[in-house]
Amino acid sequence: MKSGEIKVEDTEANRQICMKYCGSCPTYKHNSLGKSEPGALFCARGKSCAPSVKEVNCYCPACEIFDKNNLAIGRFCDRD
Ligand code: SF4
Ligand code: SF4
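So, here is what we can say about the structure in this document. (Residues numbered from 1 in each chain as written. Chains lettered and ligands numbered in written order. Predicted model: local features only at pLDDT ≥ 70, side-chain atom pairs only at ≥ 80, totals over all residues. Heavy atoms only, no water.)

Further remarks concern the packing of aromatic side chains. To describe a pair of aromatic rings, one takes the distance between the centres and the angle between the planes. This model, assessed by the stated rule, comprises two aromatic pairs. The interplanar angle of 55° and the centroid separation of 6.3 Å between the aromatic rings of Tyr 28 and Phe 42 together place this pair among those described as tilted. Taken together, the residues Tyr 28 in helix α2 (residues 26-30) and Phe 42 in helix α3 (residues 42-45) connect sequence positions 14 residues apart. Aromatic side chains Phe 66 and Phe 76 sit 6.3 Å apart centroid to centroid with 50° between the ring planes, which places their arrangement in the tilted category. Of the two residues, Phe 66 is situated in helix α4 (residues 64-68) and Phe 76 in the segment after α4; the sequence distance between them amounts to 10 residues. Phe 76 gets classed as buried once you look at its relative accessible area, which sits at 13%. (Phe/Tyr/Trp six-rings, centres within 6.5 Å; stacked < 30°, edge-to-face > 60°. Helix = DSSP H or I, 4+ residues; strand = E, 2+ residues; numbered from the N terminus. Buried < 20%, exposed > 50% of the residue type's maximum accessible area, 1.4 Å probe, protein only.)

Set out below in structure tokens:
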């Protein structure tokens, strides 16, 4: 997250919300992002350690954490 942006809390509750969206996202499945750290909650934990992430689609804009924190763009698994 860049400075000045609202920081999403890295909590188990937020991880569970994230998995409703990232967990069913085509990008997540295509790249097996659950197998690389941080595995979820990329908007709080940073992008995936997977060697390369092919972006297929992003479900972040539907996520309540995205909405509540006024996040923009999404695709946090592949972006700093
Ligand atoms: S905005 Fe995206 S990365 Fe963040 S919790 Fe929601 S689905 Fe996960
Ligand atoms: S951050 Fe967006 S593109 Fe990446 S896995 Fe989550 S929903 Fe999909």
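Taken together, the neighbourhood of ligand 1 is formed by Cys 18, Tyr 21, Cys 22, Leu 41, Phe 42, Cys 43, Cys 60, Cys 63, Ile 65, Phe 66 and Phe 76. Because more than half of its atoms lie within 2 Å of the grid, ligand 1 is assigned to the second largest cavity. Those elements that provide at least two residues to the shell around ligand 1 are α1 (12-21), α3 and α4. Tallied by class, the residues present in the shell around ligand 1 amount to 11 nonpolar, no polar and no charged. (Near = heavy atom within 4 Å. 1 Å grid on protein atoms, 1.4 Å probe; cavity = no way out; pocket = protein on both sides within 12 Å on 5 of 7 lines; lining within 4 Å. Sits in = over half its atoms within 2 Å of the grid points. Nonpolar A, V, L, I, M, F, W, Y, C, P; charged D, E, K, R; others polar.)

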